[in-house]
Each structure stands twice: as C-alpha cells, then as structure tokens.
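Listed below are the residues making up each chain.
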Amino acid sequence: MKIPNLKVLVFSFLLLKSITAYPEGYSSGRGGRERAMANASATLTGPFATFNNQAFLSGTTAFQIGIEYAQPWMISNYRVATGAAVFPLPGIVAGLSLSQNAIPGFSETRYGFALAKALGRRFSAGMQFSYFTIGFPESGKTKGTLIYEAGIGFTPNPNVALGLHLFNPFNSHIEGLSLQNDIPMAIGFGCSFLLGDGLTVATQIDDADGLPVVVRLGLEYLVVKGFFIRGGISARPFRHSAGLGYQRENWSLDFAMIHHESLGYSPSVSFIFKLKK
C-alpha cells in the first residue's frame, strides 16, 4: 500500500483548519515585497495596500496595477493568485482587487472595492468592501458573504509611518456548508521607519479572534539604485522570509520566499506597473 506523502498529510490538516478558523477572507501581506518583509505591511504603499491597509492608497497619484503568483509550500496544483488596480480620482483614490486561493476541488475567492482619502498632510483613511466566496467546484456548491474593512494612517514626517487596520468588525461568516466557516475579526497595528543609508524597518502586531497574537519584523535595504534585499521574521508561529526587488521608474519586480516550520518554503513573485505622471 502506498503511504501518503507527509507534506500532503500536514497540508491537508492545515487546509481544513484554515477553512474552519482562518480562511482566505482574512489575508494580509499580499505582494512579493510584503511577503519578503514577514507581512509587516500595515504601512507599506502600492497597489497591494488594497489588502493590507487601504489608508496607504491615498498617496497614489497615477494608475497602478499589481499582480502576484504564489505557490504555498511548493505543493503541486496549489496556488494563490492576486491582482489589484488603483487609480486616483478627484479628491479620492479607488482600488479594485481580486485574490484566489485554490487547489483542485476547492477554492476561496475575494473580490474587493476600496476607497482612500488623504486627511490633511499627515493623516489618511481608507476602507474596502469585499465579497468572499468558498467554492467546491466538483459538487457545484459556492457560498459567499460581504466583508468590510478599514484603515487609518499617520505620517508625521517622510521617514515615519504608523498604520491601523481593522478587518471584519461586523463578524461576517458563511453559512450553508458542511464545515464551520467563521471569518475572524482582526486588528493590525504597524509602524515603519526609513533610516539612513536606504534601510527601512517595519514592525506589526496582528490580533485575530481565536488566534495567537502575531508579531512581525521586516527589513528592506537599498543595495544600489533600484535593487533591494529584504528579510523578516514573525512569531507565534515562528517563520522567516527573504526576498529581492528590482525597481524602475514605472515598474517593479519582487520575489519572496517564506519558510513554514512543517511544510517548507513558499515562493512568490509579483509585478507592479505604474503609469508615468
């Protein structure tokens, strides 16, 4: 008799656990840069702020689009695909996002619409409405719910930023499937500092209902013009990450690798395109 691969068994257990307690409906740290910095992303700008803290979309001055592809734990046929588009409007910034976490026979999909606005020179605020679905294609069953999230940002000077992100404050959940699908209410607080010599330090604390508090630390260093190296750690559970980034005037390419203590490494690559002002 063929013995199942240990990685597949552990993955199956964690997948069932994620469905019942921590589904894709709550997912921070989309984007290669964000993942490489241990998802300490509550103050990071760019199109992936549609997932991390919508307030930090408010500084967008030109159309941007970001796409990401990740293969968790390098398991065949398991993928996470993400896309986000951000465009400034008179007095406000709008964003559209789509993310799907899928394996054969199961998928979680999230569609989002975000708005952000600068409140003076130092403060900003943002919010997003998302429709989150869980689907079992083989049985033809799909259920969904509406999720609300919001964020605020404070930038006292160009080198310091603080961000607060609130996810699912109204305790949305999905009914009608055989599994319990509670989506946790969560809050994240982060700050980042741009130090001398091109070094950025980002920290974050995440607290979600029924889950341990997660502490994150991410670093980014500008080696030469346009080329970045990144790293990060997070606790409870302990994970470490690393990555590289290359940035030009109107596009950037980022690669990340996150390590899970039981399942190994998860690679991610993302691309961002910006229209010139």
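Predicted model only: the values in this text are computed from it and were never measured. (Residues numbered from 1 in each chain as written. Predicted model: local features only at pLDDT ≥ 70, side-chain atom pairs only at ≥ 80, totals over all residues. Heavy atoms only, no water.)

Asker: Got a minute to help me understand the packing of aromatic side chains in this structure?
Answerer: To describe a pair of aromatic rings, one takes the distance between the centres and the angle between the planes. Taken as a whole and assessed by the stated rule, the structure comprises 6 aromatic pairs. The interplanar angle of 50 degrees and the centroid separation of 5.2 Å between the aromatic rings of Phe-129 and Tyr-148 together place this pair among those described as tilted. Here Phe-129 is found in strand β5 (residues 123-136), whereas its partner Tyr-148 is found in strand β6 (residues 141-157), with 19 residues between them in sequence. Taking the relative accessible area as the measure of exposure, Phe-129 reaches 39% and is therefore partly exposed. In this structure Tyr-148 comes out as partly exposed when scored by relative accessible area, which is 23%. Joined through ring pairs, the aromatic side chains of Phe-129, Tyr-148 and Phe-170 make up one cluster. (Phe/Tyr/Trp six-rings, centres within 6.5 Å; stacked < 30°, edge-to-face > 60°. Helix = DSSP H or I, 4+ residues; strand = E, 2+ residues; numbered from the N terminus. Buried < 20%, exposed > 50% of the residue type's maximum accessible area, 1.4 Å probe, protein only.)

Asker: How should the nonpolar core be read in this particular structure?
Answerer: The tendency in soluble globular proteins is for nonpolar side chains to be buried side by side. Ranked by size, the top nonpolar core spans 14 residues in total, and within it Trp-73, Tyr-78, Phe-132, Ile-134, Ile-147, Phe-167 and Ile-183 carry the most contacts. Grouped together as the second largest cluster of nonpolar side chains are 6 residues, Ala-49, Val-86, Ala-114 and Ala-116 included. (Core = buried A, V, L, I, M, F, W, Y, C linked by side-chain atoms within 4.5 Å.)

Asker: Would you mind showing me how to read a nonpolar patch on the surface here?
Answerer: Residues Ile-65, Ile-67, Tyr-69, Leu-253, Phe-255, Val-269 and Phe-271 make up a contiguous nonpolar surface patch of roughly 590 Å² in combined accessible area. Taken together, the elements giving at least two residues each to the nonpolar patch come down to β1 (64-70), β15 (251-260) and β16 (264-274). For the nonpolar patch, the leading source of residues is β1, giving 3 residues. Mapped onto the fold, Ile-67 is located in strand β1. Judged by its relative accessible area of 47%, Ile-67 is partly exposed. (Patch = residues over 30% accessible without salt bridge, like charges linked within 9 Å, V, L, I, M, F, W, Y side chains within 5 Å. Areas by Shrake-Rupley, 256 points an atom, 1.4 Å probe, with all protein chains shown as cover. Salt bridge = Lys/Arg side-chain N within 4 Å of Asp/Glu carboxyl O.)

Asker: Looking at this structure, how should I read the side chain of Arg-216?
Answerer: With respect to the element layout, Arg-216 can be found in strand β12 (residues 214-224). Accessibility expressed as a relative area gives 11% for Arg-216, which makes it buried. Only 3.3 Å separates the side chain of Arg-216 from the backbone oxygen of Ala-38, close enough to count as a polar contact. Looking at Arg-216, its side chain comes within polar contact range of the side chain of Asp-206, at 2.8 Å. (Polar contact = N/O pair within 3.5 Å; in protein donor to acceptor, adjacent residues only side chain to side chain.)

Asker: Can you walk me through the confidence of the model for the protein chain in this structure?
Answerer: Interpretation of the predicted coordinates at a detailed level should be avoided for regions scoring low in pLDDT. Per-residue confidence for the protein chain gives a mean pLDDT of 87; residues scoring 70 or more make up 86%. The model gives residues 1-25 a pLDDT under 50, and that stretch makes 45 contacts with residues more than four places away or in other chains. (pLDDT = per-residue confidence, 0-100. Contact = heavy atoms within 4.5 Å.)

Asker: What exactly am I supposed to notice about the side chain of Gln-204 here?
Answerer: Structurally, the position occupied by Gln-204 is in strand β11 (residues 199-208). For Gln-204, a relative accessible area of 5% corresponds to the buried category. With residues up to four places along the chain from it excluded, the contact list for Gln-204 reads Asn-39, Ala-40, Ser-41, Ala-42, Phe-189, Gly-190, Val-214, Val-215 and Arg-216.

Asker: Just checking my understanding: could you explain the environment of Ala-38 for this structure?
Answerer: Along the chain, the position of Ala-38 falls in the loop between α2 (32-36) and α3 (49-52). The class of Ala-38 is buried, set by a relative accessible area of 8%. Sequence-wise, Ala-38 and His-240 are 202 residues apart; in three dimensions their C-alpha atoms are separated by 6.8 Å.

Asker: What am I meant to see in the pairing of β11 here?
Answerer: Moving residue by residue along a regular strand, the side chains alternate between the two faces of the sheet. Examined bridge by bridge, strand β10 (residues 186-195) and β11 share 10 bridges and lie antiparallel to one another. Its bridge partner being in β11, Cys-191 is matched across the sheet by Thr-203. Here β10 folds back onto β11 in antiparallel fashion, the turn holding 3 residues, of which Asp-197 has a positive phi close to 60 degrees. One ladder, built from 8 bridges, connects β11 with β12; its direction is antiparallel. Across the sheet, the residue bridging to Asp-206 is Val-214, located in β12. What sits between β11 and β12 in their antiparallel hairpin is a turn of 5 residues, with Gly-210 showing a positive phi close to 75 degrees. (Pairing = 2+ DSSP bridges.)

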